[in-house]
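# Observations on the model geometry
So you can see what is in the structure, the chains are spelled out below.
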Amino acid sequence: MDPELNRYILLNEKKGLIPGYPKSMVDILGNNIAAVYGPTHKYIRNNLLSLVGTPLVKNLLPKLDEYMRILLSDWDCKTIDIQDKTMEVSLIFTFFDRINHDIKSNVSEMAFLVQFKQIAEAEWSSIYDRFKTEFDKLYVGTISLPIYLPGTNYHHGFKARINVTKILAELMERRRASAATCDDMLEHLLRDVDTSTTYKLNDVEIIDQIVTILYSGYETVSTTSMMAVKYLHDHPEALQQLREENFAIRNRKKAEEPLDWDDLKSMKFTRSVVYETLRLATVINGVLRKTTDDITLNGFVIPKGWRIYVYTREINYDPILYPEPFKFNPWRWLDGKLESHNYFLVFGGGTRLCPGKELGVAKVSTFLHYFVTTYRWEEVGGEEIVKFPRVEAPNGYHINVKKI
Ligand code: HEM
C-alpha cells in the first residue's frame, strides 16, 4: 500500500518486475499485452496506442458523439437500470464505424448491436448474439479459479475464448473478402493502415488485440459512468455546475452539431467529475506483478517467481493528498495538479500506463454531456451499491428519467 513503493514497482519493470496476472486470466485472454514484456510488449502496445491512444480520441469523437446520442435518445419517461445501460457506453464503437440511420427509431437496441447490424447486414445479428453471450462467459472466466472441470466458470470461459476466436476469425475473413472499406478499428488492424508501425500483427495477435480492447474498456468505463450518475444524484451542487458547463457548450452549437476536441478540452468540470468518481469508486484496486529474480524491496527479499499485488486503492483515500478523502469533491481536480501527481496511480504508471485513459475519459464525459443536458432523474430507491471488493449494484441501479 506504500505509494512510493508502488510507484517504484510500476516504474521498474526492467528490474524484473513483470506482469503477473493469474492463470485464469492468462489462459483465457491469451498472449495479450498483459502477458508479454520487453520488445514484444513494446510493439503490441504501440499498435494498441495507434488504435485507442490519445491522438486517436480526436478522430473518434464524432462517432462517439453519434453513438451516445442514439444510446440516450429514448430514455424519456422510463425506468432505466443505469448499471445495465452504462455497459453499452463502454462497448461503443469498438469494431464498427457506421450507423444505419434507418434503425434509429428502434433505439432501444444496444449501441453495440446497432453497430453490428450496420456493418454486417442481415446475418450479423446472429453473430452479435453469439459474440456477446460468449464474451460475457469469457469475462467471468478470467476472474475464476482455474479448475478445468465441466460446469466451472473457468471451463466456460475457456470454451468461450475458443468461440470468440472463431467468431472473430470469421469476421476477419468476411472483411478481407469485402471490397468495401470501413473506417474502424478492425479495418485498421486488418489493412495495416498505420504505416508508422513496421511490425505487422498476425491473425492471432489481431484477435488478441480486439479481445484486449473490449476487455479492458468494459467494466472500467461502465462502472465509472454509473457511479458518476450516483454521485451527481447525491450532490446537487456538483450536478448544477456540470449542467452549466455542458449547457454552455450546447448553447453555442446547433442542435445536431457533435462535440469536438475543443469542446472536450474545455469541459474542465466534467473531467473533474470523472476523476473524482474514478478516485472514490475505485474500479481497479491494484495491479499484479511477478519477480523474475530475487529482489529486495524496502529491505525485504521477495523471492524469484513471487507475485506482488501493487495495491493502489488506499492511495485514493490518503487524507494528505485528498483532504476529507471520503467526500465527493470534484473541485479538487480543477487546477489539474492532482492529475499529474506522482502518486496518482488510477491509470497505473510507467510503461504500462493505461493506453485507453483519454478514450475512457472521453466516453464517460460524452455520456455525461448528453445525459445531464437532456434528462433529469430520480432514484427508484432502496438499492445497494457495493464499493468493495468490486464496485457494483448487485440488483441494478434503477432511476426514473424525464426529459428536461
Ligand atoms: C476509464 C477507465 C480506465 C481505468 C481506470 C483504467 C485503468 C488501467 C490500469 C490501472 C492499467 C494498468 C495495468 C497494469 O499496470 O498492469 C491499465 C492498463 C491498460 N488499459 Fe486501462 N483503464 C481504463 C480504461 C481503458 C480503456 C477504455 C481501454 C481501451 C480501450 C483500456 C485499455 C488498457 C490496456 C490495453 C492496458 C494494458 C497496458 C499495458 O500493459 O501496456 N483501458 N488500465
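Given the structure is predicted, the values throughout are model-derived calculations rather than measurements.

According to UniProt, the "binding site: heme" (unreviewed entry) feature falls on Cys354. Relative to the helices and strands, cysteine 354 resides in the loop between strand E6 (307–311) and helix H15 (357–374). For cysteine 354, a relative accessible area of 30% puts it in the partly exposed group.

The periodicity of an α-helix, 3.6 residues per turn, causes residues three or four positions apart to be oriented the same way. Taken together, the buried positions of helix H1 (residues 3–11) are Pro3, Asn6, Ile9 and Leu10. Relative to the axis of H1, the buried residues are bounded by an arc of 125° and lie together on one face. If you check the start of H1, you find a side-chain oxygen 2.9 Å away from the backbone N of glutamate 4, and it comes from aspartate 2.

Near the ligand you find 26 residues, and of these Tyr21, His41, Arg45, Arg289 and Cys354 are the closest. With respect to the ligand, the side chain of tyrosine 21 contributes an N or O atom lying 2.6 Å from an oxygen atom. Contacts to the ligand include arginine 45, whose side-chain N or O atom sits 2.8 Å from an oxygen atom. Looking at the shell around the ligand, the elements that each hand over two or more residues are helix H3 (38–52), helix H10 (203–216), helix H11 (218–234), strand E3 (286–291) and H15. The dominant element in the shell around the ligand, judged by the number of residues it contributes, is H3, at four residues.

Rules used throughout
Residues numbered from 1 in each chain as written. Predicted model: local features only at pLDDT ≥ 70, side-chain atom pairs only at ≥ 80, totals over all residues. Heavy atoms only, no water. UniProt positions renumbered as here; feature names shortened; annotations may be inferred. Helix = DSSP H or I, 4+ residues; strand = E, 2+ residues; numbered from the N terminus. Buried < 20%, exposed > 50% of the residue type's maximum accessible area, 1.4 Å probe, protein only. Arc of directions from axis to C-beta. Polar contact = N/O pair within 3.5 Å; in protein donor to acceptor, adjacent residues only side chain to side chain. Near = heavy atom within 4 Å.

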